[in-house]
Amino acid sequence: MRRFGIINLTALVLGLAFLYLPIAILVINSFNDSRLVTVWSGASLRWYRELANDAAMLDAASISFRIALLSATAATVLGTLAAVALTRGRRFRGRLMFSGMVYAPLVMPEVITGLSLLLLFVAIDVDRGFWTITIAHTTLTLCVVTVVVQSRLATFDHSLEEAALDLGCPPLRTFFTVTLPLIWPAVASGWMLAFALSFDDLVIASFVAGPGATTLPMRVYSEVRLGVRPEINAVCTIMMAVVAAGLIITALITRRSPRREAAALGARV
Amino acid sequence: MKDAQHRHWTTRIAILVPYAWLVAFFLLPFLMVLKISVSLTAVAQPPYLPQFDPVAGWEGAKDFFSALSLDSYLTLFTDALYVWSYWKSLQVAAVSTAILLLIGYPVAYGLARVPRRWQGALMLLVVLPFWTSFLIRVYAWVNILQHDGLLNRALLALRIVDQPVSWLATDYAVYIGIVYSYFPFMVLPLYAALEKMDHTLLEAAADLGAPPWRTFLSVTIPLSLPGFVAGSLLCFIPITGEFVVPDLLGSSSTSMIGQILWLEFFSNRDWPVASALAVVLLAILMTPILIYRQREARHLERL
């Protein structure tokens, strides 16, 4: 029997309050009409309207969105391949280094990843901007996709794949008709997670972005450094709403809570 | 297995493509950091010397290698500022990880004990902030901790203080921000370990007459040890290099190594010193990173 006492309940309630109170305050403040964020002077959508006229912010949002879309998709393809390689190709030369390169970026401090990629881009003398950020985000998030997909690949029934192969189905076709339909909830979660990570990243983007591209977090950061502003509360509320909506939709489509992935990953965002 | 002998070309591609990507954009960049950490600052574009010139051939290579220097490392170890920052970062990471363990454990424990039908929804609630931006979560605390923010107004209203307290730009704010941001990273692995725990073991302990606290200490805690280790590593390693939290919530005297690196790079444009800082930080974190990698690889292999 599981016992669920008053102590457990208190711990949970306090823990969740700790997690959500600051976010709730931010969301409520974004609807505050007053410019002074600490004085409540009635509900309004004023800051959202001002946001709609802030061309620089909208531009940054559109760049971030496109980078996230592209890098999450590329990372999902590469990460799924890597996961297949790590589970299927049990032994191959350089496997140790491969798995090392897959897991290390998950915990690597962002300043190191950002700095090292920038130095590479400078050395090969490419124009920094949209594409360098996309490449950097792909590298960072492909590792996340790999871990998520790998945990799914490791638990599913291999006899199905073997049956298809034994019946003469070529490996590529087996992958698309048997493996992929079975692992796609993990692939979808991996894509979502990669999208969220890319959309949120500040440190790595700041390093590898040239003067040509400013992402939404970079823009928000430069505003936040100057202090609390109601428009920023509104931007943050929208960013959170987008991610939360995506997460809930993924959970509904795949009929599978993201907790498995998150627990397997237990990793960084 | 048969495909171990004659591996199909599709498997080869599955290995080669991501492998090549990671070598190009993960390994190679590190070699660049290593190289520039032994270069010298220069007023040039890019701002370091020597530049490797493949056209110059062997002579060029000789010039290149003789121009390398360990000056940046020397600066790092002789300037008290850097040494102190490393120390400060490790200290902040250690204290935050300890706090996270203390407050994360009861929450993970409660979560693992919730009736099954609620567990999914509650886990979603814990995971959700983990998907929202780091920057936003830190910024949310700027709202609360600022001079006329909610915390000060609450404290004044409750007459706990009679003057607003400056929370921002203190170590307290940095700890609050870090603990808040990394909370899910600690709770999730702990929950994963506690959830898997075999409850008959607890019953056995109780049947044999162990009081609940004894059962907790000698059964529950040892069984959740893997979660302890995973959670601590997931928090400790990135916190050591943390930039956003100390930058937005801390004072200039809480300079953690991530901030120093950022400053050297962006403000001082001293790329060699920034690279040397990264190399030394990596060397310090190598042990925990290797432990993490080993664990993760073993964990997935066992699944």
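## Side note on the overall build of chain B
Then, in step 1: If you tally the helices and strands in chain B, you get 14 helices and two strands.
Then, in step 2: Within chain B, the proportion of its 303 residues that are buried is 44%.
Then, in step 3: Taking all contacts inside chain B whose residues are at least 6 apart in sequence as the whole, residues at least 24 apart take part in 71%.

## With respect to the overall build of chain A
Then, in step 1: A count of helical and extended segments in chain A gives twelve helices and zero strands.
Then, in step 2: Buried positions account for 53% of the 269 residues belonging to chain A.

## Remarks on the packing of helix α3 (residues 55-88) of chain A against helix α8 (residues 171-200) of chain A
The packing of two helices is summarised by the inter-axis angle and the distance between the axes.
All names here are of chain A.
Then, in step 1: At a minimum axis distance of 8 Å, the contact between α3 and α8 shows a crossing angle of 140°. One way to sum up the angle between α3 and α8 is to call them oblique. The way α3 lies across α8 gives a crossing that is right-handed. Contacts between α3 and α8 involve S64, I67, A68, S71, A72, A75, T76, G79 and T80 from the former and V187, G190, W191, A194, F195, S198 and F199 from the latter.
Then, in step 2: Classifying every residue of the contact of α3 with α8 by side-chain character gives nine nonpolar, seven polar and no charged.

## Some words on the nonpolar core
Then, in step 1: Counting residues in each nonpolar core, the largest one holds 171 residues, and the members touching the most others are L115(A), V208(A), Y139(B), L261(B) and L277(B).
Then, in step 2: Ignoring anything within four residues of it in the chain, the contact list for L261(B) reads V111(A), L115(A), A274(B), L277(B) and A278(B).

## Let's talk about the interface of chain B and chain A
Then, in step 1: With 90 residues of chain B in contact, the opposing surface of chain A contributes 80 residues.
Then, in step 2: It is helix α1 (residues 9-37) of chain B that contributes the most residues to the side of chain B that touches chain A, 18 residues altogether.
Then, in step 3: Residues belonging to the side of chain B that touches chain A are distributed by class as follows: 69 nonpolar, 15 polar and six charged.

## Remarks on the environment of V126(B)
Then, in step 1: One can find V126(B) in helix α5 (residues 116-131).
Then, in step 2: According to the C-beta neighbour criterion, V126(B) is buried, with 22 such atoms within 10 Å.
Then, in step 3: V126(B) sits 164 residues away from L290(B) along the chain, and the two C-alpha atoms are 28 Å apart.
Then, in step 4: Non-local contacts of V126(B), meaning those with residues more than four positions away in its chain, are made with L19(A), L111(B), P184(B) and V187(B).

## A short note on the packing of helix α4 (residues 80-113) of chain B against helix α11 (residues 225-240) of chain B
All names here are of chain B.
Then, in step 1: One way to put it is that α4 packs onto α11 with a least axis distance of 9 Å and a crossing angle of 145°. Between α4 and α11 lies a crossing of right-handed hand. Note on element contacts: α11 touches α4 through F228, G231, S232, C235, F236, I239 and T240, opposite S89, L90, V92, A93, S96, T97, L100, L101 and G104.
Then, in step 2: Residue classes in the contact of α4 with α11 are distributed as nine nonpolar, seven polar and no charged.

## Quick look at α5(B)
Then, in step 1: Compared with the 22 Å implied by 1.5 Å per residue over 16 residues, the 23 Å span of α5(B) between its first and last C-alpha is a close match.
Then, in step 2: For α5(B), the full list of buried residues reads M123(B), V126(B), V127(B), L128(B), P129(B), F130(B) and W131(B).

## Things to note about unusual backbone geometry
Then, in step 1: The phi torsion at D125(A) lies on the positive side, around 55°, for a residue other than glycine.
Then, in step 2: Take D125(A): it is sitting in the loop between α5 (110-123) and α6 (130-155).
Then, in step 3: D125(A) gets classed as exposed once you count the C-beta atoms within 10 Å, which come to 9.
Then, in step 4: At A169(B), a position not held by glycine, the phi torsion is positive, near 65°.
Then, in step 5: For A169(B), the position within the fold is in the loop between α7 (150-157) and α8 (171-196).

## Some details on helix α13 (residues 257-266) of chain B
Then, in step 1: A large share of α13(B) lies buried, amounting to eight of its ten residues.
Then, in step 2: For α13(B), the full list of buried residues reads I257(B), G258(B), Q259(B), I260(B), L261(B), W262(B), E264(B) and F265(B).

## Quick word on the environment of R88(A)
Then, in step 1: Here R88(A) shows up in helix α3.
Then, in step 2: Through-space distance from the C-alpha of R88(A) to that of A213(A) is 39 Å; in sequence the pair is 125 residues apart.

## Things to note about the confidence of the model for chain A
Then, in step 1: Of all residues in chain A, 90% have pLDDT values of 70 or greater, and the mean over the chain is 82.
Then, in step 2: Per-residue pLDDT, averaged within each element of chain A, yields its smallest value for helix α12 (residues 259-265) of chain A (51) and its largest for helix α9 (residues 203-208) of chain A (92).

## So, the confidence of the model for chain B
Residues and elements named next belong to chain B.
Then, in step 1: For chain B, the average pLDDT comes to 82, and 87% of its residues sit at 70 or higher.
Then, in step 2: Looking at the elements of chain B, mean pLDDT is at its lowest for helix α2 (residues 57-66), recorded as 67, and at its highest for α4, recorded as 92.
Then, in step 3: Here residues 1-5 is a poorly scored stretch, pLDDT under 50, and it has four contacts once near neighbours within four places are set aside; other chains count.

## Comments concerning the environment of P50(B)
Residue and element names in this part refer to chain B.
Then, in step 1: Tracing the chain through its elements places P50 in the loop between β2 (48-49) and α2.
Then, in step 2: When the 18 C-beta atoms within 10 Å are taken as the criterion, P50 is described as partly exposed.
Then, in step 3: Between the C-alpha atoms of P50 and L168, which are 118 residues apart in sequence, the distance is 43 Å.

Basis of the calculations
Residues numbered from 1 in each chain as written. Chains lettered and ligands numbered in written order. Predicted model: local features only at pLDDT ≥ 70, side-chain atom pairs only at ≥ 80, totals over all residues. Helix = DSSP H or I, 4+ residues; strand = E, 2+ residues; numbered from the N terminus. Buried ≥ 20, exposed ≤ 12 C-beta atoms within 10 Å, placed from the backbone. Contact = placed C-beta atoms within 7 Å. Axes fitted to C-alpha atoms, helices over the stretch in contact; angles between N-to-C directions. Parallel < 35°, antiparallel > 145°, perpendicular 65-115°, else oblique. Left-handed = near helix turned anticlockwise from the far one by under 90°. Nonpolar A, V, L, I, M, F, W, Y, C, P; charged D, E, K, R; others polar. Core = buried A, V, L, I, M, F, W, Y, C linked by C-beta atoms within 7 Å. Expected span 1.5 Å × (residues − 1). pLDDT = per-residue confidence, 0-100.

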